[in-house]
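Chain by chain, the residues run as shown.
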Amino acid sequence: MTGEFTIAVHALVYLNHKGTTLSSEELSQNVCTNPARVRKVMAMLKKGGLIETKEGAEGGYRFCLDPGEVTLRRIDEAVGVPLVSASWRSGNVDKKCLVASGMGRIMDGIYGELDELCKRRLEDITIKDIDRMIFSGKRTAQER
């Protein structure tokens, strides 16, 4: 998972909860990161059609979609980064050893499969679900 995905989900849940236009400064205080990072993520969400923006002194970001229709998969697609990936590859394709020359390709395939499995799971979770979990005290499977 990337920080951008987490920021995007957090910001959309918060915008949905507040039901108003919020600045990057207000969002960054709730997300606990800097406003520039929030603006970068919000630009991706705007491009993905998930938020509206308003210019000026009263400007900022607004979530105006149905929270029950916006899945985490859609948010992931707007952010556009893999959920599961490797930051380092072992081996080297130029080595004579089949293990060394083939490991990177095999692991890339495994990571790709895991990424797709994660994305399919994210199709089942919406902004409304996250909101419900927060405010109902419902625990996730991981917390049980």
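Given the structure is predicted, the values throughout are model-derived calculations rather than measurements.

Conventions we followed
- Residues numbered from 1 in each chain as written.
- Predicted model: local features only at pLDDT ≥ 70, side-chain atom pairs only at ≥ 80, totals over all residues.
- Heavy atoms only, no water.
- Helix = DSSP H or I, 4+ residues; strand = E, 2+ residues; numbered from the N terminus.
- Rg over C-alpha atoms; globule rule 2.2 N^0.38 Å.
- Buried < 20%, exposed > 50% of the residue type's maximum accessible area, 1.4 Å probe, protein only.
- Contact = heavy atoms within 4.5 Å.
- Salt bridge = Lys/Arg side-chain N within 4 Å of Asp/Glu carboxyl O.
- pLDDT = per-residue confidence, 0-100.
- Expected span 1.5 Å × (residues − 1).
- Arc of directions from axis to C-beta.
- Polar contact = N/O pair within 3.5 Å; in protein donor to acceptor, adjacent residues only side chain to side chain.
- Patch = residues over 30% accessible without salt bridge, like charges linked within 9 Å, V, L, I, M, F, W, Y side chains within 5 Å.
- Areas by Shrake-Rupley, 256 points an atom, 1.4 Å probe, with all protein chains shown as cover.
- Core = buried A, V, L, I, M, F, W, Y, C linked by side-chain atoms within 4.5 Å.

### What about the overall build of the chain?
Next, step 1: Each helix and strand counted, the chain has six helices and two strands in total.
Next, step 2: When the helices and strands of the chain are read in sequence order from the N terminus, they spell out α-α-α-β-β-α-α-α.
Next, step 3: At 19 Å, the chain has a C-alpha radius of gyration far larger than the 15 Å of a compact globule built from 144 residues.
Next, step 4: Considered along the principal axes of its C-alpha atoms, the chain spans approximately 65 × 35 × 25 Å.
Next, step 5: Expressed as a percentage of the 144 residues in the chain, the buried residues total 33%.
Next, step 6: Counting only contacts in the chain whose residues sit at least 6 apart along the sequence, the fraction spanning at least 24 positions is 67%.

### Quick word on the pattern of salt bridges
Next, step 1: This model, assessed by the stated rule, comprises 10 salt bridges.
Next, step 2: Ionic pairing is found between Arg132 and Asp129, a salt bridge with its closest N-O pair at 3.2 Å. Here the residue Arg132 and the residue Asp129 both occupy positions in helix H6 (residues 127–136), the gap between them amounting to three residues, near one helical turn.

### Details of the confidence of the model for the chain
Next, step 1: In the predicted model, the chain carries a mean pLDDT of 91, and the fraction of residues at 70 or more is 94%.
Next, step 2: In the model of the chain, helix H5 (residues 98–122) stands out as the element of lowest mean pLDDT, 93, in contrast to helix H3 (residues 35–47), which has the highest, 97.

### As for H3
Next, step 1: Spanning 13 residues, H3 covers 18 Å between terminal C-alpha atoms, matching the ideal 18 Å at 1.5 Å per step.
Next, step 2: If you check which residues of H3 are buried, you get Val38, Val41, Met42, Met44 and Leu45. Buried residues of H3, seen end-on, are gathered within an arc of 155° and therefore sit on one face of the element.
Next, step 3: Buried residues along H3 sit in contact with helix H1 (3–18), helix H2 (24–31), strand E2 (60–62) and helix H4 (72–79).
Next, step 4: If you check the start of H3, you find a side-chain oxygen 3.2 Å away from the backbone N of Ala36, and it comes from Asn34.
Next, step 5: Following H3 by one or two positions, Gly49 has its phi on the positive side, about 75°.

### Things to note about a nonpolar patch on the surface
Next, step 1: A grouping of Ile106, Ile110, Leu114 and Leu117 is seen on the molecular surface, where their side chains present a nonpolar patch of about 320 Å² in accessible area.
Next, step 2: Taking relative accessible area as the criterion, Leu117 reaches 48% and is therefore assigned partly exposed.

### Digging into the nonpolar core
Next, step 1: Core analysis: the largest hydrophobic core is formed by 30 residues, its most contacted members being Leu12, Leu15, Leu27, Met42, Leu45, Leu72 and Ile75.
Next, step 2: Ranked by residues supplied to this core, first place goes to H1 with eight residues.
Next, step 3: The contact partners of Met42, leaving out residues within four places of it in the chain, are Ala11, Leu15, Leu27, Ile51 and Tyr61.

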